[in-house]
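Below, each chain spelled out in residue letters.
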Amino acid sequence: MANYVKISCLSAPLCPVAPEVDLQEAVEKVITYWREKLKQVLPDRPDIIVLPECCDRPDVTMYPAQRRQEYYRHRKDQVRDFFAGVAKEHRCYIAYAAVREMEDGTFRNSIQLIDRTGAVVGVYNKNHLVIAEHDKYGILYGKEAPIIETDFGRVACAICFDLNFEELRIQYAQAKPDLILFSSAYHGGLMQNYWAYSCRAFFAGSVYTKSPSSILSPVGDVIGESTNYFHFVTRTVNLDCRVIHLDLNRTKFNAIKAKYGAKVNIYDPGRLGAVIISSESEDFTIEEIIREFELELLDDYMSRSLAHRHAPGHIEC
C-alpha cells in the first residue's frame, strides 16, 4: 500500500561560540540555536528530520582541536537529549549527527537515529574518515554499516567522505534500504545521484549551507532542494515503489493503467531505460502489482543479463 513519508533536510552554519565561553554556556547556546532552526520545518510535521554532519559543534574557525574535545566531553548527551525531547514532542524521527565520546575515551563521528518516542533506535559510525579526523582529532573509523528498522521502512546512513567509497555503497546496494540518510559537510555532486540510483533508494542529504540539501528519488532525480535563501527542504515521498527496466515491462503499462488508473504511478525519468512504479492506493502494495503483471525488477533484469553473458558459448573465444 502507499507508504507516504515526509522528509525534512535542515542545515545551518555551525553555531558561533568563542572558545573562552564557559563550556556549559556553549552547550546551551548550541541548543538554543537549533531550537530556533527547527522551527523552520516542524510546522510541516515531518516524519523524519535529517541534520548535517557534526551539527552541534561550535564553529571550527573559532574552536581549536583541544577545546573541541573538551566541549564534547562536557556536552556528553545534552544536545542529543534535547533533540530526543523534540522528537518525542513532535512524533518524528531525527537523524542527529555529531562526534561522541565512547566509554574507552575514544571518539566516533556518528549519526544517532532518534525515534518518535525519543529513543535512539540505531547508530552509524562514519566508516571513511578524512585522515585529519583521526590524526588530529582522535576519531576512530567505524566498521559497521547497519540497516536501521523504523516504523516507515529500512534506513541506511552515510556521512560526508563516505560517499566516495564503493565498499560502503556496495554494502547498501546489497542490503536494499528504503532510504539513505546523508549528513555532511560537502555535497558530493553526482555521487548523490549515483548512490540513490545504484541502491534503488530514496536519498535525504543534509549539507552545510554552502551547498544545497537534497531529497532524491531511487532513479537519482532531485525531488527537492534547499536554496541560498532557505536552508531546508521538505518533501513527501512514497516508499511503496520499485525500480523496473523498460525492456519486456513497458508493453504491460497500458494494461496496468487501464485497470488501476491513478492508483498506480509510473514515473519515467528519461534517458535511463528504467522507471519507478508505485502504489498510490490503500488497497494493494506495489509487490502485488509486480506479481499480477509479472514485471521484472531492474536488479533482476541486470542479473539475468549478466548470467546470460556468462553462459557457456556466449562469450567469444
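Refer to the structure printed above.
Below is a short write-up of the structure. Note that the coordinates shown come from a computational prediction; the quantities given were computed from them, not determined experimentally.

1. Examining the pairing of strand 8 (residues 179–184)
Argument step 1. The buried fraction of strand 8 is high, at six of six residues.
Argument step 2. Taking every second residue as pointing to the same face, both faces of strand 8 are buried, with Leu-179, Leu-181 and Ser-183 on one and Ile-180, Phe-182 and Ser-184 on the other.
Argument step 3. By the bridge criterion, five bridges tie strand 7 (residues 154–159) to strand 8 in an arrangement that is parallel. The partner of Ile-159 across the bridge, within strand 8, is Ser-183.

2. With respect to the pairing of strand 11 (residues 222–225)
Argument step 1. Where strand 10 (residues 214–216) meets strand 11, three bridges bridge the pair, whose relative direction is antiparallel. Within strand 11, the residue paired with Ile-215 across the bridge is Gly-224.

3. Notes on the packing of aromatic side chains
Geometry of an aromatic ring pair is reported as the spacing of the ring centres plus the angle between the planes.
Argument step 1. Summed over all chains, the structure comprises 14 aromatic pairs.
Argument step 2. The interplanar angle of 45° and the centroid separation of 5.5 Å between the aromatic rings of Phe-182 and Phe-203 together place this pair among those described as tilted. With Phe-182 in strand 8 and Phe-203 in strand 9 (residues 202–207), the pair connects residues that are 21 residues apart, well separated along the chain. Considered together, Phe-182 and Phe-203 belong to a single accessibility category, that of buried residues.

4. Let's talk about the sheet that holds strand 10
Argument step 1. Across the sheet, six strands lie side by side as 6-7-8-9-10-11; this open sheet has mixed pairing. Single-partner strands in this sheet number two, and they are strand 6 (148–149) and strand 11.
Argument step 2. By the bridge criterion, three bridges tie strand 9 to strand 10 in an arrangement that is antiparallel. Looking at the pairing, Ala-204 lines up with Ile-215 of strand 10.

5. Some details on the environment of Ser-281
Argument step 1. Residue position: Ser-281 is located in the loop between strand 15 (274–279) and helix 8 (286–292).
Argument step 2. Overall, the relative accessible area of 4% leaves Ser-281 in the buried class.
Argument step 3. With 19 residues separating them in the primary sequence, Ser-281 and Ala-262 have C-alpha atoms 8.5 Å apart.
Argument step 4. In this structure Ser-281 touches Met-1, Ala-2 and Lys-263, once residues within four positions along its chain are discounted.
Argument step 5. A distance of 2.8 Å separates the side chain of Ser-281 from the backbone nitrogen of Asp-283, its partner in a polar contact.

6. Concerning the layout of surface pockets
Argument step 1. By volume, the largest pocket amounts to about 430 Å³.
Argument step 2. Lining the largest pocket are 22 residues, with Lys-176, Pro-177, Asp-178, Cys-241 and Arg-242 sitting closest to its centre.
Argument step 3. Among the secondary structure elements, those contributing two or more residues to the lining of the largest pocket are strand 13 (241–245) and helix 9 (298–309).
Argument step 4. By residue class, the composition of the lining of the largest pocket is 12 nonpolar, two polar and eight charged.
Argument step 5. One number sums up the size of the second largest pocket: a volume of about 280 Å³.
Argument step 6. Forming the walls of the second largest pocket are 18 residues, and the residues nearest its centre are Glu-53, Cys-54, Arg-57, Arg-68 and Glu-133.
Argument step 7. A total of three residues in the lining of the second largest pocket trace back to one element, the largest contributor, which is helix 2 (residues 65–75).
Argument step 8. Counted by class, the lining of the second largest pocket contains 11 nonpolar, two polar and five charged residues.

7. What about the pattern of salt bridges?
Between side chains of opposite charge, a pair can form as their charged atoms come close.
Argument step 1. With the rule as written, the count across this model stands at 18 salt bridges.
Argument step 2. With its nearest N and O atoms 3.3 Å apart, the salt bridge here joins Asp-81 to Arg-80.
Argument step 3. Between Lys-259 and Glu-292 there is a salt bridge, with its nearest N and O atoms 2.5 Å apart. In this pair, Lys-259 sits in helix 7 (residues 253–260) while Glu-292 sits in helix 8, placing the two residues 33 residues apart along the sequence.
Argument step 4. Classification of Glu-292 by relative accessible area gives partly exposed; the value is 37%.

8. Section: the environment of Met-191
Argument step 1. Tracing the backbone shows Met-191 in helix 6 (residues 190–199).
Argument step 2. What makes Met-191 buried here is its relative accessible area of 19%.
Argument step 3. Taking the C-alpha atoms as reference points, Met-191 and Tyr-4, 187 residues apart in sequence, are found 25 Å from one another.

9. What to know about the nonpolar core
Argument step 1. Counting 49 residues, the largest nonpolar core has Ile-7, Leu-181 and Trp-195 as its most contacted members.
Argument step 2. Contacts of Ile-7, omitting those with residues within four sequence positions, involve Ile-48, Leu-179, Ala-204, Ile-215, Val-233, Thr-234, Arg-235 and Val-237.
Argument step 3. In terms of nonpolar packing, the next biggest core, distinct from the first, is built from 41 residues, Val-30, Leu-51, Cys-54 and Phe-107 among them.

10. Some thoughts on unusual backbone geometry
Argument step 1. You will see that Arg-45, though not glycine, has its phi angle at about 55°, which is positive.
Argument step 2. With respect to the helices, strands and loops of the structure, Arg-45 is situated in the loop between helix 1 (23–38) and strand 2 (48–50).
Argument step 3. Since its relative accessible area comes to 71%, Arg-45 is described here as exposed.
Argument step 4. Even without a glycine there, the phi angle at Arg-200 is positive, about 50°.
Argument step 5. When you line up the elements, Arg-200 lands in the loop between helix 6 and strand 9.
Argument step 6. Arg-200 gets classed as partly exposed once you look at its relative accessible area, which sits at 22%.

What counts as what
Residues numbered from 1 in each chain as written. Predicted model: local features only at pLDDT ≥ 70, side-chain atom pairs only at ≥ 80, totals over all residues. Heavy atoms only, no water. Buried < 20%, exposed > 50% of the residue type's maximum accessible area, 1.4 Å probe, protein only. Helix = DSSP H or I, 4+ residues; strand = E, 2+ residues; numbered from the N terminus. Pairing = 2+ DSSP bridges. Phe/Tyr/Trp six-rings, centres within 6.5 Å; stacked < 30°, edge-to-face > 60°. Contact = heavy atoms within 4.5 Å. Polar contact = N/O pair within 3.5 Å; in protein donor to acceptor, adjacent residues only side chain to side chain. 1 Å grid on protein atoms, 1.4 Å probe; cavity = no way out; pocket = protein on both sides within 12 Å on 5 of 7 lines; lining within 4 Å. Points joined across faces, edges and corners; volume = space filled by probe spheres on them. Nonpolar A, V, L, I, M, F, W, Y, C, P; charged D, E, K, R; others polar. Salt bridge = Lys/Arg side-chain N within 4 Å of Asp/Glu carboxyl O. Core = buried A, V, L, I, M, F, W, Y, C linked by side-chain atoms within 4.5 Å.

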